[in-house]
Structure formats: C-alpha cells, structure tokens
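Structural overview
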Amino acid sequence: MAEVNEIAVRVHGLSKSFGAVRAVRDIDLAVAQGEIFGLVGPDGAGKTTIMRMLAAVLRPDAGEILVDGVDVVAEAERAKLHLSYMPQRFGLYEDLTIAENIFFYGALFGVPRGERIARSQELLEAAGLLPFRHRLAGQLSGGMKQKLGLICALIHTPRVLLLDEPTTGVDPVSRRDFWAILYNLREGGVTIVLSTAYMDEAERCSRLALLHGGEIRHCDTPQHLKEAMPGALLAIASAHPRDVRGAVSGKPGVLGALLMGDRVHVRVDDAGRRIPELRAAVADQGIADAVITPAEPGIEDVFVALLGEEKPHEP
Ligand SMILES: Nc1ncnc2c1ncn2[C@@H]1O[C@H](COP(=O)(O)OP(=O)(O)OP(=O)(O)O)[C@@H](O)[C@H]1O
C-alpha cells in the first residue's frame, strides 16, 4: 500500500514514434501520490500519446513506467487494476441509461455487484446525476456525458486516475462540478494525471508539465512557472485590442503580446521604462481609450512565454 508522498507515477526515458513522427521524446516524470498533475501543450505536443502509454493501452518504444509501483510495460494487465483511464472519447453506450452504463463498466472491471451499487450511488450523488439515472446516455448534455464517463472510470476505485482532456467542450458550471469531484478524489488519496487545453484548469493543478514537440520543456507548480516567466507583464485595456496589439508588437523591449478578451497582455523587458513608450505607441495609432497597468501573469502568459511561441524583439 502506497504511503503519503510516495511516488504514484514514475516515468523514465519514455519515447514513442509513429513512423517518422517522434511523438514523445525521452521524457522523465515523477508524480507524488495525491497530486493533480497537469499535462499542457499545443495540439500534437504528445499529451494523448503519453496518457495512452501510462494507461497501458499503447506500448512505448523505449522507457519505463511505474504506476503505483507496478511496471506498466511488463505487466500491463496488473497495472490496469491500479489505474483508470478516461480517453478523450469515452465509450458510453448511448442506448443504455446512466445506471446501465455504470453497471456495465462495473462488471467489466470485475467490481462485485453489491459494491457496484453502493459505489455508483455515491458517485452519482457527488456528480449531481442521481435524478437522471434512468435517462439514456444518448440524451445527456456534453457536461453530463463527461461526468458519466468519469463515474464509469471510477467504478473500480483506482489508485491513479488518467484523464485525457476530460472537460473539453463542457460548460463552465459543469467543469466546476467536475473539479469538485476531482478534489474529493484527491482527498481520498487518488493521484490524478490529466491533460487540458483550459488554462484555468491548468492553474488548479498541483504541478504542470509544459509539453512541446514531444518533450517536457518545463515542469513545476503553476506559481513557480509564473515566477520563471522572463520579463514583466502589462495589461492594456481598450475597446480595440487587436489594434493595440498591432501598435505594440515589435516595439523595442516588447517580448510578446497576447490577446486576452478585451485586453492585450504585453510582456516587456522593463515595465517602468516601457509604459510611457507604449502609451505613445498606441496614441500614435489613434487609439485614445487604452489604459496600461502592470498585470499578474496567468498561466496562459507563462505558457506562451516559456514555450517560445513569440519572437523576442530586442531594443
Ligand atoms: N496513432 C497514430 N499514428 C500516427 N501518428 C500519431 C498517432 N497518434 C499520434 N500521432 C502523432 O503524434 C504526435 C503527438 O500526438 P498526440 O495526440 O499525442 O498529441 P496531443 O498533445 O495529445 O494533441 P491534441 O491536443 O491535438 O490531442 C502528433 O504529431 C500526432 O499526429
């Protein structure tokens, strides 16, 4: 039995290629028990490929994976008893009800009948799906389907839960409910590894691995990643954010400019020196309503800055 602070997922030298595409390149990871560990990165960065290898459904070309102490590559079937995997498209049976889907997955995982009933009751309640348990899965909203997928994946009480973009396409309220369930699981000692395209979700993780081109470029807590972001961040609020971005991009000392709704986040080398220059630059373009203030970086700023998707511009 694992103890607190024990490593729940350990990965060493993990690699996988598909023909000429090197999807995952020699990655190392150590996820402590009870962590919610996030994989983030642009499309094609290798998140799904890593998840599938951790879940013992895809064999690596090289490397070691230990989940809850079990060698996933050598003992895939035994490892599957310790983990649960929710792929991007979880296989729900649309012509079965919520309750029937859960029962089906319980049987598949070999959960004894009595335990299955008690556990599905508990999970349905936590997910707010109890009143809908007789509704066909095909008639559920996107958010309800994701929650049902999670319940099915949890019917056998895994030690490690692997979730591949579990809330993609789910509305913010359902996403909040979904996260409440994840926090509860963590309280119960379950270790969670998830991939996400949502930066607010990334922010909720205990640690993040920023992936690019099949490699882990950075791995740390969201707070430390923010502290590691080079430069200072300014927010420019305006009714014309695109024009603002155009006006400041490429100006001396501007390291990057990111549209964030009605604001532009501009990363600069020196805030004190650049604020008056940027104010002049936007005024020159006839933008009269721009307000420039120092800003705290969100994880999206960090993500763009650290993955180097911007071209730094020297003065
Ligand atoms: N079965 C496969 N056959 C061939 N190439 C694949 C296969 N699976 C993944 N790839 C390639 O490997 C790379 C990594 O893909 P992967 O799906 O792991 O990325 P991802 O980070 O999960 O992206 P997304 O967010 O778009 O799902 C991509 O270039 C992809 O095209």
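In this text, all values refer to a predicted model and were calculated from it rather than measured experimentally.

**Topic: the packing of aromatic side chains**
- Counted under the stated rule, the structure contains 3 aromatic pairs.
- Arranged with centres 5.3 Å apart and planes meeting at 85°, the rings of Phe104 and Tyr105 form a pair that is edge-to-face.
- Phe104 gets classed as partly exposed once you look at its relative accessible area, which sits at 32%.
- Pairwise contacts between aromatic rings join Tyr93, Phe104 and Tyr105 into one cluster.
- Lying across the ring of Phe103, Arg116 places its NZ or CZ 4.5 Å from the centre.
- The aromatic ring of Tyr198 is capped on one face by Arg175, whose charged end is 3.7 Å from the ring centroid.

**What to know about the domain arrangement of the protein**
- Segmentation of the protein into domains returns domain 1 (7–225) and domain 2 (229–306).
- Taking only C-alpha atoms, the centre of domain 1 and the centre of domain 2 are 37 Å apart.
- Contacts between the two partners involve 11 residues from domain 1 and, on the opposite side, 7 residues from domain 2.
- Around 760 Å² of area is buried between domain 1 and domain 2 when both sides are counted, 78% of it from carbon and sulfur atoms.
- Interface area lost by domain 1 to domain 2 is led by Met199, Leu210 and Leu225, which between them contribute 58%.
- At the junction of domain 1 and domain 2, the tally comes to 0 salt bridges.
- Connecting domain 1 to domain 2 are 1 residue pair in polar contact (both at pLDDT 80 or more).
- Here the side of domain 1 that touches domain 2 gets 3 residues from one element, more than from any other, and that element is helix α7 (residues 199–204).
- The residue makeup of the side of domain 1 that touches domain 2, split by class, is 8 nonpolar, 2 polar and 1 charged.

**Focus on the environment of Glu203**
- Mapped onto the fold, Glu203 is located in helix α7.
- Spatially, the C-alpha atom of Glu203 lies 33 Å from that of Ala118, the residues being 85 residues apart in sequence.
- Among residues more than four places away in sequence, those in contact with Glu203 are Pro222, Lys226, Gly298 and Ile299.

**So, the side chain of Gln33**
- Position of Gln33 relative to the elements: it lies in the loop between β2 (21–32) and β3 (36–40).
- Of the residues examined, Gln33 reaches a relative accessible area of 17% and is grouped as buried.
- A distance of 2.9 Å separates the side chain of Gln33 from the backbone oxygen of Gly189, its partner in a polar contact.

**Considerations on helix α9 (residues 241–248)**
- Pro241, Val244, Ala247 and Val248 are the residues of α9 that are buried. The buried residues of α9 occupy one face: seen down the axis, they fall within an arc of 120°. For α9, the exposed residues lying more than 90 degrees away from the buried face are Arg242 and Gly246.
- On its buried side, α9 packs onto β11 (232–237), β12 (254–260), β13 (263–268) and α10 (271–284).
- Following α9 by one or two positions, Gly250 has its phi on the positive side, about 80°.

**As for the UniProt feature "domain: ABC transporter" (unreviewed entry) in the protein**
- Sequence positions flagged by UniProt for "domain: ABC transporter" (unreviewed entry) are, in local numbering, residues 9–238.
- Between the C-alpha atoms that bound residues 9–238 there is a distance of 45 Å. The span itself is 35% helix and 29% strand.

**Some words on the environment of Leu208**
- Tracing the sequence through the fold places Leu208 in strand β9 (residues 207–212).
- With 34 residues separating them along the chain, Leu208 and Arg242 place their C-alpha atoms 30 Å apart.
- Sequence-distant contacts of Leu208, defined by excluding residues within four places in its chain, comprise Phe37, Gly38, Val40, Ala202, His218, Cys219, Asp220, Pro222, Leu225 and Ile299.

**So, a nonpolar patch on the surface**
- Together, Tyr93, Phe104, Leu108 and Phe109 line one region of the surface with nonpolar side chains, adding up to about 370 Å² of accessible area.
- For Leu108, the location among the structural elements is in helix α3 (residues 98–108).

**A look at the nonpolar core**
- In this structure, Leu148, Leu150, Leu161, Leu163, Leu182 and Ile192 are the most contacted members of the largest nonpolar core, which totals 51 residues.
- The element that contributes the greatest number of residues to this core is helix α5 (residues 142–154), accounting for 7 residues.
- Each of domain 1 (7–225) and domain 2 (229–306) gives at least three residues to this core.
- Ignoring anything within four residues of it in the chain, the contact list for Leu161 reads Ser84, Leu150, Ala153, Leu154, Leu182, Leu185, Val190, Thr191, Ile192 and Val193.
- Grouped together as the second largest cluster of nonpolar side chains are 31 residues, Ile50, Leu58, Val67 and Ala79 included.

**Quick look at the site of the ligand**
- Close to the ligand lie 13 residues, the nearest being Gly44, Gly46, Lys47, Thr48 and Thr49.
- In the environment of the ligand, an oxygen atom lies 2.9 Å from a nitrogen or oxygen atom belonging to the backbone of Lys47.
- Looking at the shell around the ligand, the elements with two or more residues in it are β2 and α1 (47–54).
- Its residues placed into classes, the shell around the ligand shows 5 nonpolar, 5 polar and 3 charged.

Analysis parameters
- Residues numbered from 1 in each chain as written.
- Predicted model: local features only at pLDDT ≥ 70, side-chain atom pairs only at ≥ 80, totals over all residues.
- Heavy atoms only, no water.
- Phe/Tyr/Trp six-rings, centres within 6.5 Å; stacked < 30°, edge-to-face > 60°.
- Buried < 20%, exposed > 50% of the residue type's maximum accessible area, 1.4 Å probe, protein only.
- Lys NZ or Arg CZ within 6 Å of the ring centre and 35° of its normal.
- Domains from an automatic or database assignment.
- Contact = heavy atoms within 4.5 Å.
- Buried area = accessible area lost by both parts, 1.4 Å probe.
- Salt bridge = Lys/Arg side-chain N within 4 Å of Asp/Glu carboxyl O.
- Polar contact = N/O pair within 3.5 Å; in protein donor to acceptor, adjacent residues only side chain to side chain.
- Helix = DSSP H or I, 4+ residues; strand = E, 2+ residues; numbered from the N terminus.
- Nonpolar A, V, L, I, M, F, W, Y, C, P; charged D, E, K, R; others polar.
- Arc of directions from axis to C-beta.
- UniProt positions renumbered as here; feature names shortened; annotations may be inferred.
- Patch = residues over 30% accessible without salt bridge, like charges linked within 9 Å, V, L, I, M, F, W, Y side chains within 5 Å.
- Areas by Shrake-Rupley, 256 points an atom, 1.4 Å probe, with all protein chains shown as cover.
- Core = buried A, V, L, I, M, F, W, Y, C linked by side-chain atoms within 4.5 Å.
- Near = heavy atom within 4 Å.

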